[in-house]
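Listed below, chain by chain, are the residues.
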Amino acid sequence: ARMASQACCDSGPPVPGEYKEIGTYEKLRARNSEFKCYVTGTVKPGKRVNAIILIYDIFGWNDVNKNVFRVADKLAESGFFVVMPDFYRGNPWPLARFPPSSKEDKKAFRAW
């Protein structure tokens, strides 16, 4: 079974992004755990705010995948308050192992 679309395969390997994010990194606490979030946009005291929780692909955020920050910042420029949690807690699926081709990688991918 194919795990990536033909368009993904045809686009070539990822290249490092050069985008410099505008927002800040904050810690989000939930029960006995905490993780990092990228936060961008403005909240004015006493004013109603439209917020977005931005969810990204399996590669998370890293030096190659800078577009997720660009999307968050563009949404903030349009008036939204954007929170992008690091759901993978610094452990996204490695680009070098996608699509998983070996039996071990396929097993690890399903377990991940």
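That block above? That's the structure.
In short, a report on the structure. Everything quoted here is computed from the prediction, not taken from an experiment.

**With respect to the packing of aromatic side chains**
- What the rule picks out here adds up to 10 aromatic pairs.
- Here the aromatic rings of Tyr-88 and Trp-112 are separated by 4.9 Å at their centres, their planes lie at 40°, and the arrangement is tilted. Highlighted residues: Tyr-88 in the loop between strand S4 (81-85) and helix H3 (103-111) and Trp-112 in the segment after H3, separated in sequence by 24 residues.
- Overall, Tyr-88 belongs to the partly exposed group, its relative accessible area being 24%.
- Its relative accessible area of 36% is what places Trp-112 among the partly exposed residues.
- Taken together, Tyr-56, Phe-87, Tyr-88, Trp-93, Phe-98, Phe-109 and Trp-112 form an aromatic cluster joined through their ring pairs.
- Geometry around Tyr-25 places Lys-36 over its ring, the cationic atom sitting 5.0 Å from the centre.

**Focus on the nonpolar core**
- Counting 10 residues, the largest nonpolar core is built from Tyr-19, Tyr-38, Leu-54, Tyr-56, Trp-61, Val-68, Phe-69, Ala-72, Val-82 and Met-84.
- Of all the secondary structure elements, the ones that give two or more residues to this core are helix H2 (67-77) and S4.
- Once residues lying within four places of it in the same chain are set aside, the contact partners of Tyr-56 are Trp-61, Val-68, Met-84, Pro-85, Asp-86, Phe-87 and Tyr-88.
- Within the second largest apolar cluster, 5 residues are counted, among which are Phe-35, Cys-37, Val-39 and Val-83.

Parameters at a glance
Residues numbered from 1 in each chain as written. Predicted model: local features only at pLDDT ≥ 70, side-chain atom pairs only at ≥ 80, totals over all residues. Heavy atoms only, no water. Phe/Tyr/Trp six-rings, centres within 6.5 Å; stacked < 30°, edge-to-face > 60°. Helix = DSSP H or I, 4+ residues; strand = E, 2+ residues; numbered from the N terminus. Buried < 20%, exposed > 50% of the residue type's maximum accessible area, 1.4 Å probe, protein only. Lys NZ or Arg CZ within 6 Å of the ring centre and 35° of its normal. Core = buried A, V, L, I, M, F, W, Y, C linked by side-chain atoms within 4.5 Å. Contact = heavy atoms within 4.5 Å.

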